[in-house]
Amino acid sequence: MIRVINKVKDYWHSDTSFITLLVMLLFMVFLMPVLVDGGIVDVLFLNVLFLALYFIGIFSSEDKWIIYVSSFLFMAHLILLLIRFDDTPNQFYLLERLVGLVNMSLFIFINVRLLFRNAERNAYRVIGAVNVYLLFALMGAFAFEILKIHSGKSIAGNIVLKNNDTDYATYVYYSLVSLTTVGYGDIYPDGMAARMLSVLLSAIGILYPAVIIARLVSHTIVEQKVR
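Computed from a predicted model, the values in this text were never measured in an experiment. (Residues numbered from 1 in each chain as written. Predicted model: local features only at pLDDT ≥ 70, side-chain atom pairs only at ≥ 80, totals over all residues. Heavy atoms only, no water.)

A. View of the layout of surface pockets. Quantified by volume, the largest pocket comes out at close to 210 Å³. Taken together, Val36, Asp37, Ile159, Val160, Lys162, Thr166, Asp167, Ala169 and Thr170 make up the lining of the largest pocket. Mapped by element, the contributors of at least two residues to the lining of the largest pocket are α2 (17–37) and α7 (168–179). (1 Å grid on protein atoms, 1.4 Å probe; cavity = no way out; pocket = protein on both sides within 12 Å on 5 of 7 lines; lining within 4 Å. Points joined across faces, edges and corners; volume = space filled by probe spheres on them. Helix = DSSP H or I, 4+ residues; strand = E, 2+ residues; numbered from the N terminus.)

B. Molecular detail of empty space enclosed by the protein. Per the stated rule, a full pass over the model turns up four cavities of 30 Å³ or more. As a volume, the largest cavity reaches approximately 90 Å³. As for the largest cavity, its lining consists of Asn47, Phe50, His77, Arg97, Leu138, Ala141, Phe142, Glu145, Tyr168 and Tyr171. Among the elements that take part in the lining of the largest cavity, helix α6 (residues 123–151) stands out by supplying four residues, more than any other. Within the lining of the largest cavity, the residues separate by chemical class into six nonpolar, two polar and two charged. In this structure, the second largest cavity occupies an estimated 50 Å³ of space. Per-element tally for the lining of the second largest cavity: the top contributor is helix α5 (residues 93–115), with three residues. Looking at the lining of the second largest cavity residue by residue, the class counts come to three nonpolar, two polar and three charged. (Nonpolar A, V, L, I, M, F, W, Y, C, P; charged D, E, K, R; others polar.)

Pasting the structure below:
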């Protein structure tokens, strides 16, 4: 058993694990909203995918204190999810989303540390940087949903929000629109907090690819030429 755990940890500490994570994130960010909105998959499956991400975070951690925090947040999210899907579907929804936001923030931190854990630069690291970009979109979706549940103001437009998991598609869509600075105008921020969060995501969407991804790409090209 210990040998299996060590092999799993070694894989998620390796650069090749970035590809597996990319496949998961592409599915969750671009395909899952379509499936949820169309009622093709149950929202329980969506929550299981998020738990899988947080579980990966435990094995991706290199420091003991991060492993302890990741494990605690994973168990807290799992317990809240089990309670919510029992007999009280809405009572713990806000708390669960808050734990999810903290969990996602920690997962981003873990992946950024993996990107720069040593001086090596390769194509896998570029993929890892793209993963972090997609994780920001998921984190933004959580933040907008928390604003809506807590204050009643978050995003507005030609949408109908139900304050449950079925809103996932709408929040991810708007988070991506803000992050990529596309701004179609069909959905817009409602309230100052949502406006500032939209601007923050837009700033991240501009600066992160220009600074982090571009740097990794340039270093990778230089190293390949040297070889």
